[in-house]
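Each chain, letter by letter, is given below.
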Amino acid sequence: MEEIVQHTASILSQMTNYTSIALGPEVFEASFRHFQLLPLNEDTAVAIVVTNTGHVENKTVPIPPGISVSELEQVVNLLNAKLVGVPLYKLRSQLYTEVGNEMGRYVSHVQELMTLVESVLVGEDNHREVFLSGTTNMLAQPEFKDVDKIKTIWELLEETPTLIKVVGSAPTGIQVRIGQENPHEAIANCSLVTATYTIDGQTLGTIGVLGPTRMEYAKVINLMNHLSNQFALLSQRSNK
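For the rest of this paragraph, the subject is unusual backbone geometry. Positive phi outside glycine occurs at Asn 17, with the angle close to 65 degrees. Within the secondary structure, Asn 17 is located in the loop between α1 (2–16) and β1 (19–23).

This is the structure:
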């Protein structure tokens, strides 16, 4: 899914000559599906987390001293039994309320194992991705010849949490925000067109095009409509 979203951002920037922004599956929509822990040797394992959106995260982690392979298997089975379907943003609380107490019945070194599991399940990487394409396209626009203005915009694009709020705050469907209608002063002289995309009836993220206020709105909106429809078709084909 991430590869498709990233490729879509690239296509948009090429076809519009503006900057495209694509948000991957939203953390509030994604939930835990499966966990696997594969020992590489006595000291290291690869932890794999799969979400309901199809996102796969893998991370190399140290195995706490004194933990046997059978104990690791029991931890994996317990997590898969207790956490399936839990939204990602609720994993930390569920980990300690649903799993922590019961883990002590099966394994030793509970605190070390909980620390390991938490670093994988609720680490910094488990949030939706932001894909940017065509950021240098702004340099070709006369409105952005001012170095200070373009610097301010680029600083916003690099500030992932703020950018998520700006792009992700738009309602579902296609939305057009012009100039001062934008929720951040850095793009108060820009236009931002956003469209949510849906798979299997579930809204998973947002695609946006950022450009000057003299943007070719009809062209951009038509492209966004087309891409939204393509995501819907992709969903239908995957179900057949």
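Right, picking up where we left off after that structure.
This part is about the sheet that holds strand β4 (residues 56–62). Judged by pairing direction, the sheet is antiparallel, and its three strands sit side by side in the order β2-β3-β4 without closing on themselves. Each edge of the sheet is formed by a strand with only one pairing partner; in this case those strands are β2 (32–39) and β4. Ignoring which end each strand starts from, the neighbouring axes of this sheet average 20 degrees apart. Pairing of strand β3 (residues 44–51) with β4 involves seven bridges; the strand directions are antiparallel. When the sheet's bridge partners are listed, Val 46 is paired in β4 with Thr 60. The strands touched by helix α4 (residues 110–121) are β2, β3 and β4; relative to β4, the strand with the most contacts, the crossing angle is about 150 degrees.

Before going further, it helps to examine the pairing of β2. Pairing analysis gives seven bridges linking β2 to β3, with the strands arranged antiparallel. Note that in β3 the partner of Phe 32 across the bridge is Thr 51.

Here the focus is helix α3 (residues 91–103). Over its 13 residues, α3 runs only 16 Å from end to end, short of the ideal 18 Å by more than 12%, given 1.5 Å per residue. Maximal helix bending in α3 amounts to about 30 degrees, located at Thr 97. All of the buried residues in α3 are Leu 91, Leu 95, Val 99, Gly 100, Glu 102 and Met 103.

In this structure the tally under the stated criterion is two cavities of 30 Å³ or more. As a volume, the second largest cavity reaches approximately 40 Å³. Contributions of two or more residues to the lining of the second largest cavity are made by α5 (147–158) and α6 (160–168). Sort the elements by how many residues they give to the lining of the second largest cavity and α6 lands first, with three residues. Across the lining of the second largest cavity, the residue classes break down as nine nonpolar, no polar and no charged.

The rules behind these values
Residues numbered from 1 in each chain as written. Predicted model: local features only at pLDDT ≥ 70, side-chain atom pairs only at ≥ 80, totals over all residues. Heavy atoms only, no water. Helix = DSSP H or I, 4+ residues; strand = E, 2+ residues; numbered from the N terminus. Pairing = 2+ DSSP bridges. Axes fitted to C-alpha atoms, helices over the stretch in contact; angles between N-to-C directions. Contact = heavy atoms within 4.5 Å. Expected span 1.5 Å × (residues − 1). Bend = angle between axes of the 7 residues up to and from the residue. Buried < 20%, exposed > 50% of the residue type's maximum accessible area, 1.4 Å probe, protein only. 1 Å grid on protein atoms, 1.4 Å probe; cavity = no way out; pocket = protein on both sides within 12 Å on 5 of 7 lines; lining within 4 Å. Points joined across faces, edges and corners; volume = space filled by probe spheres on them. Nonpolar A, V, L, I, M, F, W, Y, C, P; charged D, E, K, R; others polar.

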